[in-house]
Amino acid sequence: MMVRELDPPGFHPQKAVILFHSFATDGALIRPDRFERAISLVWGAMRHWLACGVPTLLMADVEEWVPRRVVTRQQLGQAGEMLSRARRAAGTEEHELFGRMQDLDRDDALIMISDMPVVHWKDHVGKRSQLVLVDIASYERKQRERRGRA
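The following refers to the structure shown. Predicted model only: the values in this text are computed from it and were never measured. (Residues numbered from 1 in each chain as written. Predicted model: local features only at pLDDT ≥ 70, side-chain atom pairs only at ≥ 80, totals over all residues. Heavy atoms only, no water.)

## Comments concerning unusual backbone geometry
A positive phi angle, near 55 degrees, is found at Glu-64, a position not held by glycine. A relative accessible area of 68% places Glu-64 in the exposed class. Even without a glycine there, the phi angle at Trp-65 is positive, about 65 degrees. Mapped onto the secondary structure, Trp-65 falls in the loop between β2 (56-60) and β3 (68-70). Overall, the relative accessible area of 7% leaves Trp-65 in the buried class. (Buried < 20%, exposed > 50% of the residue type's maximum accessible area, 1.4 Å probe, protein only. Helix = DSSP H or I, 4+ residues; strand = E, 2+ residues; numbered from the N terminus.)

Given below as structure tokens:
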């Protein structure tokens, strides 16, 4: 007797952490459009992990680093409300951001999203097995390319 089972490729982590920040080295240009785009990416990442059934923890400087669990649709909605009212943090410092990273479990998938281009902060990030650094500047290039084709 043969049984056919669906076994999709890949795996999902036990927990995902989305870390949103506005830290950058000196000389970084603050752009409101990047902040809005980064907030949208945070929202999309939370929706993705919820759809995959992966418990998510959101830590953001816009919420003074208070951890926010997103495991249910109701919690997702509450996080979305917070993000819709979010204002850029006045001055995120390196020790705040990386102090929060030290508190995280090394086995958690970590997605770092910022309104600052990754070139301004990637050298300050340590090594992790499951780490995604989202470069906000790369989304600008993709949008320009799409406009050029239209």
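Now, onward.
## A closer look at the pairing of strand β4 (residues 109-114)
The two faces of a sheet get side chains in turn, since along a regular strand they alternate between them. With six of six residues buried, β4 is to be regarded as a mostly interior element. Residues of β4 alternate between two faces, with Ala-109, Ile-111 and Ile-113 on one and Leu-110, Met-112 and Ser-114 on the opposite face, all of them buried. When strand β1 (residues 16-21) meets β4, the two strands line up parallel, connected through six bridges. By the bridge assignment, Ala-16 is partnered in β4 with Ala-109. As paired elements, β4 and strand β5 (residues 131-134) share four bridges and run parallel to each other. Bridge pairing in β5 places Ile-111 opposite Val-132. (Pairing = 2+ DSSP bridges.)

## Description of the packing of aromatic side chains
Any pair of aromatic rings gets described here by the distance separating the centres and the angle formed by the planes. As enumerated under the stated definition, the model contains two aromatic pairs in all. Ring geometry for Phe-20 and Phe-35: centres 5.9 Å apart, planes at 70 degrees, overall edge-to-face. With Phe-20 in strand β1 and Phe-35 in helix α1 (residues 32-51), this pair connects stretches of sequence that are 15 residues apart. The class for Phe-20 is buried, based on a relative accessible area of 1%. For Phe-35, a relative accessible area of 5% corresponds to the buried category. Ring plane angle 85 degrees and centroid distance 6.0 Å describe the contact between Phe-23 and Phe-98, whose orientation is recorded as edge-to-face. One end of the pair, Phe-23, is in the loop between β1 and α1; the other, Phe-98, is in helix α3 (residues 94-102), and 75 residues separate them in sequence. Across the pair, exposure class does not vary: Phe-23 and Phe-98 are buried alike. (Phe/Tyr/Trp six-rings, centres within 6.5 Å; stacked < 30°, edge-to-face > 60°.)

## Brief notes about the nonpolar core
Ile-18, Phe-20, Val-42, Met-46, Val-62, Ile-111 and Ile-113 are the most contacted members of the largest nonpolar core, which totals 27 residues. Of all the elements in the fold, those that place two or more residues in this core are β1, α1, β2, α2 (73-85) and β4. Here this core takes nine residues from α1, the largest share from any one element. The contacts of Val-42, once residues within four sequence positions are left out, are Ile-18, Phe-20, Leu-58, Leu-83 and Ile-113. Of all hydrophobic cores here, the second largest spans 16 residues; its members include Leu-104, Met-112, Val-118 and Trp-121. (Core = buried A, V, L, I, M, F, W, Y, C linked by side-chain atoms within 4.5 Å. Contact = heavy atoms within 4.5 Å.)

## Things to note about the sheet that holds β2
The strand order across the open sheet built from five strands is β3-β2-β1-β4-β5, with neighbouring strands paired in mixed fashion. Both outer strands of the open sheet, β3 and β5, are each paired with one neighbouring strand and no more. Each adjacent strand pair in this sheet contributes to an overall mean axis angle of 20 degrees, direction not counted. Along the sheet face, α1 touches β1, β2, β3, β4 and β5 and points at about 170 degrees away from the line of β1. The sheet strands contacting α2 are β2 and β3, and the helix crosses β3 at an angle near 135 degrees. (Axes fitted to C-alpha atoms, helices over the stretch in contact; angles between N-to-C directions.)

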